[in-house]
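# Residue-level structure breakdown
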Amino acid sequence: MIQMLSKTPPMGWNSWNTFGGQISDSLLRETADAMVDNGFRDAGYKYVVIDDCWSKLSRDENGRLQADEAKFPKGMRALSDYIHSKDLLFGMYSCAGTRTCAGFPGSFEHEFIDAETFASWGVDFLKYDFCFKPNKADGPLLYKRMGMALRATGREILFSACNWGGDNAETWMRSAGAHMWRSTGDIQDNWNSIKDITMMQLNKECYSATGCFNDMDMLVVGMYGKGNVGFGGCNDEEYKTHFSLWCLFNSPLMIGSDIRNLSKKATEILTNKEVIAINQDEEGRGAYLASNWDNTRYAWVRPLSNGEYAIGYFNFSDTRTDVILPWWDIGLPLHSGYGVALRDVWEHEDIGVFKEGFNKILDPHACAVYRAKIVKI
Ligand code: GLA
């Protein structure tokens, strides 16, 4: 039976951020093992996705894509079977242009045959990039084509569109059949990149919902400056903030670090069930910006399906300071007779009922995230 894909933001792992072109059958198998052994599958991560650089430089005599035998000597079907045997799902990568971003064959004018190939390998997820698009070809039409080609296979394949938000992707990507759409250029493992991607999301909250989510790019949590996009690195506080933002904004959560050797702290961040529950809330609502002081201190608020709210406090400045949020700004009049009960989802702790508002003192680049319940006082 065909089910609705992407009911909640897709969760998984992708090879690009850490490994770039250094991918192989054994890396993918070890990563699948680590997904299970290190608790990621239990936390909800299920897609294991090979990004660019998996194929040969040319198609076979029938025009089909072929795996690079040096990297994947057992072939894609065998790898796919292995990943499925772990109760995980298998993702791959192609491109709407004539070549992928790293220069391997793209799916331009091969959309249907490539979708067939992916389906025959048991692929469950396709990331579809945007490099080398012929100038005269219409970008939106190329995403509609691959969307159709994937549907024509009869296999459930989640369509992860990656045109970096071009052509106002938010306005048409859902209609093209995508289940997630990249809204930005490539993330880097440093604080400025996290901040910039976040600020690019303002006023986009209405374009991310059940069935098709705004993809803020793969996570860099736990990279600490190592790997393909490891330009500078972040500290654990910044990774926690990064993860909180992606969760509040209901972005897909695709881990980009080496989960075979991840720090304890990064593992804790990526598997915090109460924070993930906000991301996976079944109503899939976006967060609105409720407070902005000096363009550095922010609070975002998002209604949840059980009648509660998620509230995130963020200090983007470089000094320790407070983030201020009067409840008036989120809809509660002063004399309503109601207050707000807060539960800290990082600390797993109820911290009390607050009548007029709540302010939080935060270290540079730090955050606090709460579940909030509106209660009579
Ligand atoms: C683009 C995408 C990245 C990654 C690379 C692979 O830059 O945005 O996420 O897939 O291509 O070459």
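Look above for the structure.
Residues numbered from 1 in each chain as written. Predicted model: local features only at pLDDT ≥ 70, side-chain atom pairs only at ≥ 80, totals over all residues. Heavy atoms only, no water.

## Some thoughts on empty space enclosed by the protein
What the rule picks out here adds up to two cavities of 30 Å³ or more. Estimates place the volume of the largest cavity at around 60 Å³. Forming the walls of the largest cavity are Asn14, Phe125, Lys127, Ser160, Cys162, Met180, Arg182, Asp215, Met218 and Met254. Within the residue set of the lining of the largest cavity, elements represented by two or more residues are strand E4 (125-129) and strand E6 (180-182). Estimated volume of the second largest cavity: approximately 50 Å³. In terms of lining residues, the second largest cavity is bounded by Asp52, Cys53, Trp54, Ser55, Leu65, Tyr93, Ser94, Thr100, Phe104 and Pro105. Residues that form the lining of the second largest cavity fall into these classes: six nonpolar, three polar and one charged. (1 Å grid on protein atoms, 1.4 Å probe; cavity = no way out; pocket = protein on both sides within 12 Å on 5 of 7 lines; lining within 4 Å. Points joined across faces, edges and corners; volume = space filled by probe spheres on them. Helix = DSSP H or I, 4+ residues; strand = E, 2+ residues; numbered from the N terminus. Nonpolar A, V, L, I, M, F, W, Y, C, P; charged D, E, K, R; others polar.)

## Some points on the state of the cysteines
Applying the stated rule across the entire model yields one disulfide. Each sulfur of the disulfide joining Cys101 and Cys131 lies 2.1 Å from the other. Taking the sign of the S-S torsion, 95° for the link of Cys101 and Cys131, the bridge is right-handed. Of this pair, Cys101 sits in the loop between strand E3 (89-95) and helix H5 (111-120) while Cys131 sits in the loop between E4 and helix H6 (139-152); the two residues are 30 residues apart in sequence, bridging distant segments of the chain. Cys162 takes part in no disulfide bond, and the closest cysteine sulfur, belonging to Cys101, lies 7.1 Å away. When its relative accessible area of 2% is taken as the criterion, Cys162 is described as buried. Between Cys234, a cysteine without a disulfide, and Cys367, which holds the nearest cysteine sulfur, the sulfur-to-sulfur distance is 13 Å. With relative accessibility at 8%, the residue Cys234 sits in the buried group. (Disulfide = S-S within 2.5 Å. Buried < 20%, exposed > 50% of the residue type's maximum accessible area, 1.4 Å probe, protein only.)

On their own, these measurements won't tell you what the molecule is for.
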